[in-house]
Amino acid sequence: MVTRIAVCNRALVRIGEAPLQSEVADGAEAVLLLYDSAVETALGLGDFSFATAIRQLSRDAIKPKGRWLYRFQLPAESLEGPKAIYDREDAQTPFTRWELFDDGIYTDAEIIWARVRVVPSPQLWPPLFIEAIVTYLAGLLAGSMKENFDQQQAYTVLALGDPRVPGDMGLIGRARSRDAASQPTKALMTTSASPLIAARF
């Protein structure tokens, strides 16, 4: 089973350091901070299906000031503002009558859902993304623990790509492209867009 500590240990072993016994072992806190940084950086470089979730938002009990009727709270797990808002649970057509302000979603809709970017459990990561995070984290650890900045640069280039080489996406870019290629297109997801799908209903 792939866990946070397992990913960290793969990166530690890669730079010649001893693996951690647990997340509360000596030195684990600093390693886990770099792990969090590596994961959030990678997820911020593009869309990954396994890091996207639809969440129903919680509505404040008190009516907000201003022109909107309701204020909704963004999920605590969300890494950033919503990628889209929906007023229907099927989340097929984005809803546009809303405003992001003061860490909340303001709208006149009584119930809304949001598509947000989250940090998924490593158990949900595909193998290539795991390898990308291990590589990128190994670079961060090489610089932090060993002050080996040449090694850090080498691992960073492997993970993120070499900007001097056209088309070099690195492991993270390759993982993103493979994930995107594995997802059905939105046009095939709706009955109105495809007569073949519509014929089934």
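Residues numbered from 1 in each chain as written. Predicted model: local features only at pLDDT ≥ 70, side-chain atom pairs only at ≥ 80, totals over all residues. Heavy atoms only, no water.

Draft legend 1. Representation of the packing of aromatic side chains in the model. Inspection of the entire model under this criterion finds seven aromatic pairs. Note on tryptophan 125 and phenylalanine 129: the rings are 5.1 Å apart at their centroids and 85° apart in plane angle, and the pair reads as edge-to-face. The residues tryptophan 125 and phenylalanine 129 share a single accessibility class, namely buried. Counting every residue linked through ring pairs, the aromatic cluster contains Tyr35, Phe48, Phe50, Trp125 and Phe129. (Phe/Tyr/Trp six-rings, centres within 6.5 Å; stacked < 30°, edge-to-face > 60°. Buried < 20%, exposed > 50% of the residue type's maximum accessible area, 1.4 Å probe, protein only.)

Draft legend 2. Expanded view of the environment of valine 7. Locating valine 7 in the fold gives a position in helix α1 (residues 4–14). Beyond its immediate chain neighbours, meaning those up to four positions away, valine 7 contacts Val2, Tyr35, Pro122, Trp125, Ile133, Val134 and Leu137. (Helix = DSSP H or I, 4+ residues; strand = E, 2+ residues; numbered from the N terminus. Contact = heavy atoms within 4.5 Å.)

Draft legend 3. Representation of the pairing of strand β6 (residues 104–107) within the structure. Side chains of β6 alternate between two faces, with Gly104 and Tyr106 and Ile105 and Thr107 buried alike. Pairing analysis gives four bridges linking strand β3 (residues 70–73) to β6, with the strands arranged antiparallel. Bridge pairing in β6 places tyrosine 70 opposite threonine 107. In this sheet, β6 lies alongside strand β5 (residues 98–101) in antiparallel orientation, the contact comprising four bridges. Directly across from glutamate 99, in β6, lies its bridge partner tyrosine 106. Count of turn residues in the β5/β6 antiparallel hairpin: two residues, of which aspartate 102 carries a positive phi of about 55°. (Pairing = 2+ DSSP bridges.)

Draft legend 4. Seen up close, the sheet that holds strand β4 (residues 84–86). Strand order across the open sheet formed by three strands is β1-β7-β4, with antiparallel pairing between neighbours. In the strand order of this sheet, the two ends are held by β1 (52–56) and β4, each with one partner. Each strand of the sheet is rotated relative to its neighbour by a mean of 25°, with strand direction disregarded. Bridge count for β1 against strand β7 (residues 113–117) is five bridges, and the pairing is antiparallel. Bridging across to β7, isoleucine 54 finds its partner in arginine 115. (Axes fitted to C-alpha atoms, helices over the stretch in contact; angles between N-to-C directions.)

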